[in-house]
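Examining the three-dimensional arrangement
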Amino acid sequence: MPLFASSPFRLLSPGDSVRFALVQSLYRCHRPELADLVESAELGLDLPGLWLRPAESFADVAPQAIEAVLLEASTEAGLPLTWIRLLVRSSFAAA
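Note that the structure is predicted; figures quoted are calculated from it, not measured. (Residues numbered from 1 in each chain as written. Predicted model: local features only at pLDDT ≥ 70, side-chain atom pairs only at ≥ 80, totals over all residues. Heavy atoms only, no water.)

Regarding the side chain of S25
Applied cut-off: The helix count covers DSSP runs of H or I at least four residues long, the strand count covers runs of E at least two residues long, and both are numbered beginning at the N terminus. Should any heavy atoms of two residues lie within 4.5 Å, those residues are counted as being in contact.
For S25, the location among the structural elements is in helix α1 (residues 14-28). For S25, the residues in contact, after removing those within four places along its chain, are A73, E76 and A77.

Written out as structure tokens, the structure reads:
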């Protein structure tokens, strides 16, 4: 039996690590509604940036305002991100 099979800890992927750090930072900044958005979103790590596709319940959010807050939270978390983009339904309607 491998040593890690009985370990109570799970190794996180780079994307999961970024998600965890960002969510923790948002909770510390008293923005739990944005932490929920990040927790439920599809995440695409594209260093030095991050793509987020929010769950359907967040489809009507205004991306520009939220992206700025998420980037600030990522900086506070010490993440090496220079941009964060939300892919929401309204982004595709304009295209």
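So, the pairing of strand β1 (residues 42-46)
Note the cut-off: Here the rule is simple: two strands pair whenever DSSP picks up at least two bridges between them.
Inspection of the sheet shows β1 paired to strand β2 (residues 49-53) by five bridges, in the antiparallel sense. Note that in β2 the partner of G44 across the bridge is W51. Between β1 and β2, which pair antiparallel in sequence order, lie two residues.

What about the nonpolar core?
Just so we agree on the cut-off: Here, nonpolar core refers to any group of buried Ala, Val, Leu, Ile, Met, Phe, Trp, Tyr and Cys residues whose side-chain atoms link them within 4.5 Å. Here the term buried applies to any residue with accessible area under 20% of the maximum for its type, exposed to any over 50%, and partly exposed to those in between, with areas from a 1.4 Å probe on protein chains only.
Counting residues in hydrophobic clusters, the biggest one holds 22 residues, and the most contacted among them are L26, V38, L52, L70 and L86. For this core, the secondary structure elements donating two or more residues are α1, α2 (32-40), β2, α3 (63-76) and β3 (83-86). Sorting elements by how many residues they give to this core places α1 first, with five residues.

Digging into the sheet that holds β2
Quick reminder of the rule: Throughout, an axis means a line fitted to C-alpha atoms (over the contacting stretch in the case of helices), and angles, computed between N-to-C directions, take values from 0 to 180 degrees.
Taken in spatial order, the three strands of this open sheet run β1-β2-β3, and their pairing is mixed. Each edge of the open sheet is held by one strand with a lone partner, namely β1 and β3. Here the strands of the sheet are splayed against their neighbours by 15° on average, with no regard to which way each runs. In terms of strand pairing, β2 meets β3 through four bridges, oriented parallel. Bridge assignment links G49 to a residue of β3, and that residue is W83. Those strands touched by α1 are β1 and β2, and its axis lies near 110° from that of β1.

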